[in-house]
Amino acid sequence: MDGHDVAAVSAAIEAAKGEAARPTLICCKTVIGQGAPTKAGTHDCHGAPLGAAEIAAARERMGWPHAPFEIPVDVAAAWDARVRGRRAESEWEELMTAYRRRHPELAVELERRLRGDLPSGFEPASAALVSEGAARGETIASRKASQNAIQSFSALLPELVGGSADLAPSNLTQWKGCRAVTATEHGNYLHYGVREFGMAAILNGLVLHGGVRPFAGTFLMFSEYARNALRMAALMKIAPIYVFTHDSIGLGEDGPTHQPVEQTGTLRMIPNFDLWRPCDAVETMVAWQQAVLSRDHPTALVLSRQNLPHQPRDAGGLADMARGGYVLRRERSSLRVVLIGTGSEVTLACEAAEQLEALGHGVRVVSMPSVFAFDRQTRDYIDAVLPVGVPRVAVEAGHPEGWYRFVGLEGAVVGIQTFGESAPAPELYEHFGITASAVKDAALAVIAPSTC
């Protein structure tokens, strides 16, 4: 149709509303800069002002006598929806009043969900889940720990809606009791197919609509296809949850096309975007807890394919985990170096710390699952975790660029700046030099100048 014909567009929309069996595509044929005598249909009216002469000529051609920013009375009346809006709001309130009388408990629950409030008692219940996870001390992949967390949180959040971009068996985003949405059946799990951007955009729409708490999953590498929608969620200050599994070269034989290198770092760079890369099952539970608690920013959970050993931590570490960065392992002698790890590489930092302590160096290991959350802490807390003047080494199986803000030019980062390879995960870590021995050597190198 002619996209400049208001009546034709309106008629097409009404026809689309009447189609109940299929989607409808409305194709509006338009001319950019329609009405500009010499610039219509050209790039000249896209990114630059028309100019006074062209505007005057366009006014004459369109027969538009009104002054700039003057809205004709008939146009204003046609677009004024205040009366219609008040009537619709009144009808809704009457409906809700009747619903509250007939179903008071359901009405309270409906209004809670539409407000976006969490169920009463959610925070202590989720804290109990974290404590129980710490007591279990499981050694499992963080993608499996995420599935366990989803199972636990589904009992606390009846409004939870999940989904995956055709990778549910790999993302482990389904839970006992979830039901797939089909053409004929209601449910709380969406199979999006291989359409990551569409999935992320639909998540945004679900959050904006309200009443549900949605999440969806794919491989971290495929966050590239969804990035526009991820950025828009952060810009709109809404809180969808993304489950990004297969987080590094640790996915192994799928090869470099599926092995993310720069994705974790660049996602961290999106303003108002939280990213958690947990080191074990306990941090994964905390990551889920914080994602659900968020109201004004999206959260990405970046999860491993390979098993991650449980990390022992004291009560202080357990309490500080939600701060995004905390002392996981304290120095046993005078502090000489701080090792910062995230995700699967926290294990390497702990192994390197043991080797360095054996050489007589006091070493602190800091786990930093969320840079976003850590940045929100007070200066006193940050300095207590990362003491000023103490050399630092960071380790992550990703591009090292973002970690220099924590280690400084005098510190070191053990990471990967090339694309991956196809091989079992242990071989890849050895091949790319992301090992406990490499962390130890980097630490010795940054300690040495301080002893001169």
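The structure under discussion appears in the preceding block.
Everything numeric here is computed off the predicted structure, so don't read it as measured data. Along each chain, numbering runs from 1 in the same order as the chain's sequence is written. Restriction of local features to residues with pLDDT of at least 70 applies here, the model being predicted, together with a cutoff of 80 or more for giving and counting side-chain atom pairs; totals for whole chains, interfaces and linings are based on all residues. Side-chain figures throughout are based on the complete set of non-hydrogen atoms in the structure, without hydrogens or water.

## Notes on the overall build of the protein
Condition: Here a strand is any run of E in DSSP of at least two residues, a helix any run of H or I of at least four, and the numbering for each starts at the N terminus. Note on exposure labels: buried denotes an accessible area under 20% of the residue type's maximum, exposed denotes more than 50%, and partly exposed covers the range between, all computed with a 1.4 Å probe on protein chains only. Two residues qualify as a contact provided that any one of their heavy atoms is within 4.5 Å of a heavy atom in the partner residue. Note on areas: these come from Shrake-Rupley sampling with a 1.4 Å probe, and a residue is covered only by the protein chains present in the view. Counting rule applied: Lys, Arg positive; Asp, Glu negative; His and chain ends not counted. Charged groups are reduced to one reference atom each: NZ for lysine, CZ for arginine, CG for aspartic acid, CD for glutamic acid.
Scanning the protein for helices and strands turns up 19 helices and 13 strands. Each principal axis of the C-alpha atoms in the protein carries an extent, and together these give about 85 × 65 × 45 Å. By the burial criterion, 45% of the 452 residues in the protein qualify as buried. Relative to all contacts within the protein whose residues are 6 or more apart in sequence, the contacts with residues 24 or more apart total 72%. Accessible area for the protein stands at about 23000 Å²; split by element, carbon and sulfur atoms hold 57% of it. Of note, the protein has its 42 positive side-chain charges centred 4 Å away from the centre of its 51 negative side-chain charges.

## Observations regarding the packing of aromatic side chains
Our working definition: The pairing test for Phe, Tyr and Trp rings, Trp by its six-membered ring, is centres within 6.5 Å, and the orientation test on the planes gives stacked under 30 degrees, edge-to-face over 60, and tilted for anything in between.
Enumeration over the complete set of coordinates arrives at 11 aromatic pairs. Both rings, one in Tyr242 and one in Phe244, keep their centres 5.8 Å apart while their planes meet at 5°; by these two values the pair is stacked. Aromatic pair Tyr242 and Phe273: ring centres 6.1 Å apart, planes at 10°, arrangement stacked. Placement of Tyr242 in strand β5 (residues 241-245) and of Phe273 in the loop between α11 (263-268) and β6 (274-276) is noted, with a sequence separation of 31 residues between them.

## Side note on the sheet that holds strand β2 (residues 160-164)
What counts is decided by this rule: A pair of strands counts as paired when DSSP detects no fewer than two bridges linking them. To get an axis, fit a line to the C-alpha atoms, keeping to the stretch in contact for a helix; angles then go from 0 to 180 degrees between the N-to-C directions.
If you walk across this open sheet you meet the six strands as β3-β2-β4-β5-β7-β6, and the pairing is parallel. Two strands in the sheet have a free side with no partner beyond their single neighbour: β3 (189-191) and β6. Direction aside, the axes of adjacent strands within the sheet are offset by 20° on average. The pairing of β2 with strand β4 (residues 213-219) spans three bridges and is classified as parallel. Opposite Ser164, over in β4, you have Gly217 as the bridge partner. Contacts from helix α10 (residues 223-236) reach β4 and β5, with the element oriented near 155° to β5.

## Structural notes on the state of the cysteines
Stated formally: What counts as a disulfide here is a pair of cysteine sulfur atoms lying within 2.5 Å.
Within this structure, the stated rule accounts for zero disulfides. For Cys27, which is in no disulfide, the shortest distance to another cysteine sulfur is to Cys28 and amounts to 7.7 Å. Residue class for Cys27 comes out partly exposed when judged on its relative accessible area of 43%.

## Describing the nonpolar core
Rule in force here: Nonpolar core, defined: a set of buried Ala, Val, Leu, Ile, Met, Phe, Trp, Tyr and Cys residues in which side-chain atoms within 4.5 Å join the residues together.
Grouped together as the largest cluster of nonpolar side chains are 76 residues, with contacts concentrated most on Trp288, Leu339 and Ile434. Each residue touching Trp288, except ones within four places of it in the same chain, is listed here: Ser146, Ala149, Ile150, Phe153, Phe215, Ile241, Val243 and Leu301. Counting residues in each nonpolar core, the second largest holds 22 residues, with Ala165, Ala234, Tyr242 and Val302 among its members.

## A word on helix α9 (residues 196-209)
Filter applied, for reference: Expected span of a helix: the number of residues minus one, times 1.5 Å. The reported arc concerns the directions from the helix axis to the C-beta atoms and nothing else.
Between its first and last C-alpha atoms α9 spans 20 Å; for 14 residues at 1.5 Å apiece the expected length is 20 Å, and the two agree. Residues Glu196, Met199, Ala200, Leu203, Asn204 and Val207 constitute the buried set of α9. Around the axis of α9, the buried residues are gathered within 140° of arc, so they sit on the same side. Turned more than 90 degrees away from the buried face of α9, the exposed residues are Leu208 and His209. As for α9, its buried residues are in contact with β2, β4, α10 and β5. Phi turns positive, to about 90°, at Gly210, one or two residues after α9.

## Observations regarding a nonpolar patch on the surface
So the rule is basically this: The patches described consist of residues with a relative accessible area above 30% and no salt bridge, like charges being joined within 9 Å and nonpolar side chains (Val, Leu, Ile, Met, Phe, Trp, Tyr) within 5 Å. Here a salt bridge means any side-chain nitrogen of Lys or Arg lying within 4 Å of a carboxyl oxygen belonging to Asp or Glu.
Together, Leu208, Met232, Leu235 and Met236 make up an exposed nonpolar region whose accessible area comes to about 370 Å². At three residues, α10 tops the list of elements feeding residues into the nonpolar patch. Locating Met232 in the fold gives a position in helix α10.

## Concerning the environment of Lys237
In this structure, Lys237 sits in the loop between α10 and β5. For the pair Lys237 and Thr264, spaced 27 residues apart in the sequence, the C-alpha separation amounts to 20 Å. Apart from the residues lying within four places of it in its own chain, the contact partners of Lys237 are Asn272, Arg295, Asp296 and His297.

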